[in-house]
Amino acid sequence: MKIELLTELSFENETPPEIIEIDLDENLSIGELFSKIHEITKIPPYKELRWNNNVEKISCRYYYKSGIEIDDYTIIMNLDEQIDSFPKYGSSGELLLYINGDHGLAN
């Protein structure tokens, strides 16, 4: 299957998505697809936050293109959902995904 992947989202200066071809059954979970994407692209799936003697792993956030408008992205809350349940709004009918590796903290 082909997917379009964004690792940066900017509506003013849109970078074209990277096209990745992955041999994976669309009946598998979206989490398994993201595991493959992380393996292929070497994008870390989490960042480690260290303080005192503690280490907290903070995961990336994942989004899919959910409509035709430029800002139609929806966060993926359930990584167990099947790949084929997501709409395909990529430029050539591919699944368009966005991995947000930025991490903000609030106290």
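Trainee: Pulling in residues and values, what's your account of the pattern of salt bridges?
Mentor: Enumeration over the complete set of coordinates arrives at 2 salt bridges. Notably, a salt bridge pairs Lys88 with Glu26, separated by 2.8 Å at the nearest N-O pair. One end of the pair, Lys88, is in the loop between β6 (73-75) and β7 (95-100); the other, Glu26, is in the loop between β2 (18-21) and α1 (30-41), and 62 residues separate them in sequence. With a shortest N-O distance of 2.5 Å, Glu48 and Arg50 are connected by a salt bridge. Classification of Glu48 as partly exposed rests on a relative accessible area of 38%. The class for Arg50 is exposed, based on a relative accessible area of 59%.

Trainee: Please give an account of the nonpolar core that cites residues and values.
Mentor: Judged by nonpolar contacts, the single largest core of 18 residues is most densely connected at Ile30, Leu33, Ile37 and Leu97. Setting aside residues no more than four positions away along its own chain, Ile30 makes contact with Ile76, Asn78, Leu79, Glu81, Ile83, Phe86, Leu95 and Leu97. If you look at the next biggest cluster of nonpolar residues, it comprises 5 residues, including Leu6, Tyr63, Tyr73 and Tyr98.

Trainee: Lay out the pairing of β7 with the relevant residues and their values.
Mentor: Put simply, side chains in a regular strand alternate between the two faces of the sheet. Burial runs high along β7: 6 of the 6 residues are buried. Of the two faces of β7, the one holding Leu95, Leu97 and Ile99 and the one holding Leu96, Tyr98 and Asn100 are both buried throughout. When strand β1 (residues 2-6) meets β7, the two strands line up parallel, connected through 4 bridges. Paired with Glu4 across the strands is Leu96, a residue of β7. Judged from the 4 bridges that link them, strand β5 (residues 61-65) and β7 form a sheet pairing that is antiparallel. Along β7, the bridge assignment pairs Arg61 with Asn100.

Rules of the game
Residues numbered from 1 in each chain as written. Predicted model: local features only at pLDDT ≥ 70, side-chain atom pairs only at ≥ 80, totals over all residues. Heavy atoms only, no water. Salt bridge = Lys/Arg side-chain N within 4 Å of Asp/Glu carboxyl O. Helix = DSSP H or I, 4+ residues; strand = E, 2+ residues; numbered from the N terminus. Buried < 20%, exposed > 50% of the residue type's maximum accessible area, 1.4 Å probe, protein only. Core = buried A, V, L, I, M, F, W, Y, C linked by side-chain atoms within 4.5 Å. Contact = heavy atoms within 4.5 Å. Pairing = 2+ DSSP bridges.

Note that every value here comes from positions in space, so none of it alone points to a role or purpose.
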